[in-house]
Structures are given as structure tokens and as C-alpha cells.
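Residue-level structural notes
Letter by letter, the chains look like this.
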Amino acid sequence: MADLLTHLLVPYILLTVANWIVAWLDRRWVVVGMGGAAVPDLVKIEIVLDDGTVAALLGVPFTYGPLSTLGGVLLLAGAIAVAFERRYWRRVFGLVTFGGLTSLVLDGLRVYADGRASAWLYPFTSWRPPTPSLYVSSDPTVLVVALLAAGTVAVLDRRVRARG
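Here the structure is a predicted model, which means the values were calculated and not measured.

**Comments concerning the nonpolar core**
- By size, the foremost hydrophobic cluster in this structure holds 27 residues, and its most contacted members are Tyr12, Trp29, Val32, Val92, Leu95 and Val96.
- Within the residue set of this core, elements represented by two or more residues are helix 1 (2–18), helix 2 (27–37), helix 4 (70–81), helix 5 (89–108) and helix 6 (140–163).
- Other than its neighbours up to four places away in sequence, leucine 95 contacts Leu15, Trp24, Leu25, Trp29, Val32 and Gly33.

Structure follows, in C-alpha cells:
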């Protein structure tokens with residue numbers, strides 16, 4: 001769960017800072033971008049519902065793996081966008097995609113045994129980019145740093161809003 005919380009906090013930090021400059025990017029849109037960060041982590045649904053069970057129910061081969069790729073993020077961003085009013089489709093698609101990309105980039109910085117990140121650029125390429133191996137998902141230090149940064153941004157955001 002620390003990994004998911006970190007994935008949610010990074011777009012919060014980036015989009016909150018961006019909303020100091022971009023007028024339309026208020027808190028509700030920051031939350032939409034944060035939700036996008038959870039898209040690649042939907043692959044963890046497999047813990048509760050096995051992909052073999054889903055394949056049997058659908059009658060076609062199924063795997064959760066592509067959800068944690070750029071293609072999965074784009075597909076689900078499109079599906080999420082159409083749940084909003086048509087005039088917001090582009091905005092929602094962009095914010096959900098941004099959140100998903102931050103999550104994928106963070107995952108690309110993790111430690112992998114062979115020194116290469118997962119093929120998160122699928123379906124555009126199956127190339128596995130090298131990873132700088134900066135952290136392990138279960139390392140609480142990453143979460144602490146994200147929480148401190150988010151707390152700092154939240155305090156600064158209150159000050160910016162109080163002045164504005």
C-alpha cells in the first residue's frame with residue numbers, strides 16, 4: 001500500500017504546484033490526476049480476482065498485465081474520460097494519463113533484478129528501459145519523503161490560497 005500511496009502523492013504534489021499557475025486546474029482536477037496514478041496499480045486486482053477466473057467468465061483469454069503499461073493507461077483514461085461530460089473529455093483524459101504516467105515513471109525507477117524496468121511502454125514497444133534502481137517498493141523511506149513533500153506543498157498551497 002505504501003507504493004500506491006506514493007503513486008497518489010506524486011501527482012498531488014505536481015498538480016497542486018501547477019494549479020498555482022494554471023487557473024482552471026483547481027482541487028477537483030488535481031484529484032482526477034491523482035486517480036490516474038492508481039490506474040497502473042489496478043493490476044493488483046489479481047490478488048482478489050484471478051485473471052483465469054475473469055477469462056473463464058468472459059470466454060476469451062485475459063490478463064491484468066497490460067493495465068500497468070502505457071497502453072493500459074491510455075485505454076482506461078479514455079474509458080474514464082467518457083464518464084464525464086463531453087466538454088471535459090480532453091481535460092480528464094489528459095489528467096488521468098498524466099497521473100498514470102507519473103506512476104509508470106516511478107515504477108521505472110525501482111530496483112529490478114536484471115537492471116531493466118518492465119515493458120511499460122507496451123503496446124508501442126516491448127523494449128525494457130534500463131532502470132537507475134533508486135528504490136525498492138517496500139522501502140518506507142520513499143513514502144516518508146513523499147509524505148513530507150506533500151505536506152509541505154499542502155501548507156504552501158494554503159498560504160497561496162489565503163493570499164489569493
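The discussion continues.
**Looking at the side chain of serine 103**
- Position of serine 103 relative to the elements: it lies in helix 5.
- We classify serine 103 as buried; its relative accessible area is 0%.
- Separated by 3.3 Å, the side chain of serine 103 and the backbone oxygen of alanine 37 make a polar contact.
- For serine 103, the residues in contact, after removing those within four places along its chain, are His7, Ala37, Pro40 and Asp41.

Conventions we followed
Residues numbered from 1 in each chain as written. Predicted model: local features only at pLDDT ≥ 70, side-chain atom pairs only at ≥ 80, totals over all residues. Heavy atoms only, no water. Core = buried A, V, L, I, M, F, W, Y, C linked by side-chain atoms within 4.5 Å. Buried < 20%, exposed > 50% of the residue type's maximum accessible area, 1.4 Å probe, protein only. Helix = DSSP H or I, 4+ residues; strand = E, 2+ residues; numbered from the N terminus. Contact = heavy atoms within 4.5 Å. Polar contact = N/O pair within 3.5 Å; in protein donor to acceptor, adjacent residues only side chain to side chain.

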